[in-house]
Amino acid sequence: MAEFTLWSPEEMQERAKPKRAVQRETRERIIAEYTNYFQNAKAGFGGQVVLGDEEDKRKLRALVREAASRSNLVLRFRPIKDKNRIEFLVIDPQSQPARKTGARRGRPKKKS
């Protein structure tokens, strides 16, 4: 037998939103939630995030980094092999080494 579904006006408005807008709202909600965790954090603090079944480690790490940056914090992620866990340290931005600028890749040019 066929499956019948009836939506309320609120559900119809939600269904009418573009997929990208729904994804953006979800992303902002998650970042706001993670930002609350970083309210009292300072350099030297650390933590971990345990991923759910359907979550992507790279995407979640980007969300955690964005939440920390909105709280003016810099994170260093610890390399671990567990695919369901992310560990990080809150570091002092001044202790982070400056990035090299002007570095070239590849073979050096011949001097004539």
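Residues numbered from 1 in each chain as written. Predicted model: local features only at pLDDT ≥ 70, side-chain atom pairs only at ≥ 80, totals over all residues. Heavy atoms only, no water.

(A) Local environment of the confidence of the model for the protein. Of the residues in the protein, 92% have a pLDDT of 70 or more, and the chain-wide mean is 86. Within the protein, the lowest mean pLDDT, 86, falls on helix α1 (residues 9-16), and the highest, 92, falls on helix α3 (residues 57-70). (pLDDT = per-residue confidence, 0-100. Helix = DSSP H or I, 4+ residues; strand = E, 2+ residues; numbered from the N terminus.)

(B) Spatial organisation of the nonpolar core. Counting residues in each nonpolar core, the largest one holds 17 residues, and the members touching the most others are F38, L60, V64, L75 and F88. Contributing elements (two or more residues each) for this core: α2 (19-37), α3, β2 (74-78) and β3 (85-91). Here the element with the most residues in this core is α3; it accounts for five residues. Excluding its chain neighbours within four sequence positions, the residues that come into contact with L75 are F38, V64, R65, A68, F88, L89 and V90. (Core = buried A, V, L, I, M, F, W, Y, C linked by side-chain atoms within 4.5 Å. Buried < 20%, exposed > 50% of the residue type's maximum accessible area, 1.4 Å probe, protein only. Contact = heavy atoms within 4.5 Å.)

(C) Region of the structure containing the side chain of T35. Relative to the helices and strands, T35 is located in helix α2. Given the relative accessible area of 18%, T35 is considered buried. For T35, the contacting residues outside a window of four places in its chain are A67 and S71.

(D) Structural context of the packing of aromatic side chains. Per the stated rule, a full pass over the model turns up three aromatic pairs. Relative to Y37, the ring of Y34 lies with its centre 6.4 Å away and its plane at 35 degrees, an arrangement referred to as tilted. Residue Y34 and its partner Y37 are located together in helix α2, separated by three residues, close to a single helical turn. Judged by centre distance (5.7 Å) and plane angle (55 degrees), the ring pair of F38 and F88 falls under tilted. Within this pair, whereas F38 is found in the loop between α2 and β1 (46-50), its partner F88 is found in strand β3, the two being separated by 50 residues in sequence. With relative accessibility at 9%, the residue F88 sits in the buried group. (Phe/Tyr/Trp six-rings, centres within 6.5 Å; stacked < 30°, edge-to-face > 60°.)

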